[in-house]
Amino acid sequence: MAFIELREISKSYGSRRVLAGVNLGVEEGEFVCIVGASASGKTTLMKIAAGLVAPDGGSIAIGGQAITSFPRCASIVFQNYSLLPWFSALENVRLAVESAFPDWPNAKQKDHAVKYLDLVGLGSAHAKRPGQLSGGMRQRVAIARAFAVEPRVLFLDEPFGALDALTRATRQQELARLCEAQRPRATVLMITNSVNEAILLADRILALDRGASRRDAASLSTAAPVTLERPRAADLLLHDEEAVRVRARITELLTSGASRDRIKRRAARPAVNSVPVEVCSE
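Residues numbered from 1 in each chain as written. Predicted model: local features only at pLDDT ≥ 70, side-chain atom pairs only at ≥ 80, totals over all residues. Heavy atoms only, no water.

### Overview of the sheet that holds strand β4 (residues 57-62)
Within a sheet, each strand pairs with its neighbour through backbone hydrogen bonds, oriented either parallel or antiparallel.
Reasoning step 1: Strand order in the open sheet formed by four strands is β2-β1-β4-β5, and the pairing between neighbours is antiparallel. This sheet does not close on itself; its edge strands, each paired only once, are β2 (16-26) and β5 (65-66).
Reasoning step 2: The sheet contact formed by β4 and β5 spans two bridges and is antiparallel. Counterpart to Ile62 in the pairing with β5 is Gln65.
Reasoning step 3: Here helix α1 (residues 42-49) sits on the sheet in contact with β1 (4-13), β2 and β4, set at roughly 125° to β1. (Pairing = 2+ DSSP bridges. Helix = DSSP H or I, 4+ residues; strand = E, 2+ residues; numbered from the N terminus. Contact = heavy atoms within 4.5 Å. Axes fitted to C-alpha atoms, helices over the stretch in contact; angles between N-to-C directions.)

### A word on the environment of Leu206
Reasoning step 1: Summarising the element assignment, Leu206 is placed in strand β9 (residues 204-209).
Reasoning step 2: Taking the C-alpha atoms as reference points, Leu206 and Thr222, 16 residues apart in sequence, are found 6.2 Å from one another.

### Observations regarding the environment of Ile62
Reasoning step 1: Mapped onto the elements of the fold, Ile62 is located in strand β4.
Reasoning step 2: Residues Ile62 and Ala74 lie twelve residues apart in sequence; the distance between their C-alpha atoms is 9.9 Å.
Reasoning step 3: Those residues in contact with Ile62 that sit more than four places away from it in its chain are Phe3, Ile4, Ala49, Ile67, Pro71, Cys73, Val153 and Phe155.

### A word on the packing of helix α2 (residues 89-100) against helix α3 (residues 106-119)
Reasoning step 1: Contact geometry of α2 with α3 gives a least axis separation of 8 Å together with a crossing angle of 120°. With respect to α3, the axis of α2 lies oblique. Helix-helix and strand crossings are classified by hand; for α2 and α3 the assignment is right-handed. Residues Ala89, Leu90, Val93, Arg94, Val97 and Glu98 of α2 pack against Asn106, Gln109, Lys110, His112, Ala113, Val114 and Leu117 of α3.
Reasoning step 2: A breakdown of the residues in the contact of α2 with α3 according to their chemical character gives seven nonpolar, three polar and three charged. (Parallel < 35°, antiparallel > 145°, perpendicular 65-115°, else oblique. Left-handed = near helix turned anticlockwise from the far one by under 90°. Nonpolar A, V, L, I, M, F, W, Y, C, P; charged D, E, K, R; others polar.)

### Considerations on the pairing of β2
If a strand is regular, its side chains alternate between the two faces of the sheet.
Reasoning step 1: Bridge count for β1 against β2 is seven bridges, and the pairing is antiparallel. Within β2, the position partnered with Tyr13 by the bridge is Arg16.
Reasoning step 2: Hairpin geometry of β1 and β2 is characterised by an intervening segment of two residues between the two adjacent antiparallel strands and by a positive phi of about 65° at Gly14.

### So, helix α5 (residues 165-181)
Reasoning step 1: Compared with the 24 Å implied by 1.5 Å per residue over 17 residues, the 25 Å span of α5 between its first and last C-alpha is a close match.
Reasoning step 2: Among the residues of α5, those classed as buried are Arg168, Arg171, Gln172, Glu174, Leu175, Ala176, Leu178 and Cys179.
Reasoning step 3: In this structure, the buried side of α5 is in contact with β3 (31-35), α3, α4 (135-148), β7 (153-157), β8 (187-192) and α6 (195-201). (Expected span 1.5 Å × (residues − 1). Buried < 20%, exposed > 50% of the residue type's maximum accessible area, 1.4 Å probe, protein only.)

This is the structure we're talking about:
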């Protein structure tokens, strides 16, 4: 059994079917990315895996234990940072440390928070509140907070989606470095709409595809392994043969469902120029 195990997950909102028959296994210490377009159901799947949303059907287990709420061994980073605006960067991280290690004295909690803020390059911003920080700096606080609790599982919900391209590239490299440095390595499940980001970070990539119609429930593709050596550089991925192969495979998986649906609908449509013919007998 995989460390994170989702079996036959289904979810609907009213009459809209979002997920159907989704199965996913993530091994301990593995970094898995799910790639999909906007409104494909990625965030719903992430929240179900993290125990934040109950599925209509199916089961979720982490480390062999059934999950019905957010597990204490996990951290999550959202796209919108989710920082407390009235607290400093240091206090935002220290509060998470206090929740994970309540028996530690305050001084040790603070030193631990400082360590992770320094690791993400925010040594001079400890006392600043979120409103005094740029978007990239706020996301670094959120990442420091996630790693400071030393999670066994890390959920990443498009954490760099709101950042500009240059800042996003820097944060991706920071995340890769933190994941490699952590011992034992956290098991990471990340969703993104960027195939290149997934190739840069993941051990395996899966595509979540809704097909051509928004009425269709999304399903997961088979996994595409990424065997590139680490550390990986974004500029090298543009020319590396393995990266090109993986990119082509994921693009194919993302488009194949929609293409199949269009072909099926086209085949089911009556020919436009067909005219019924009457055969008359004399």
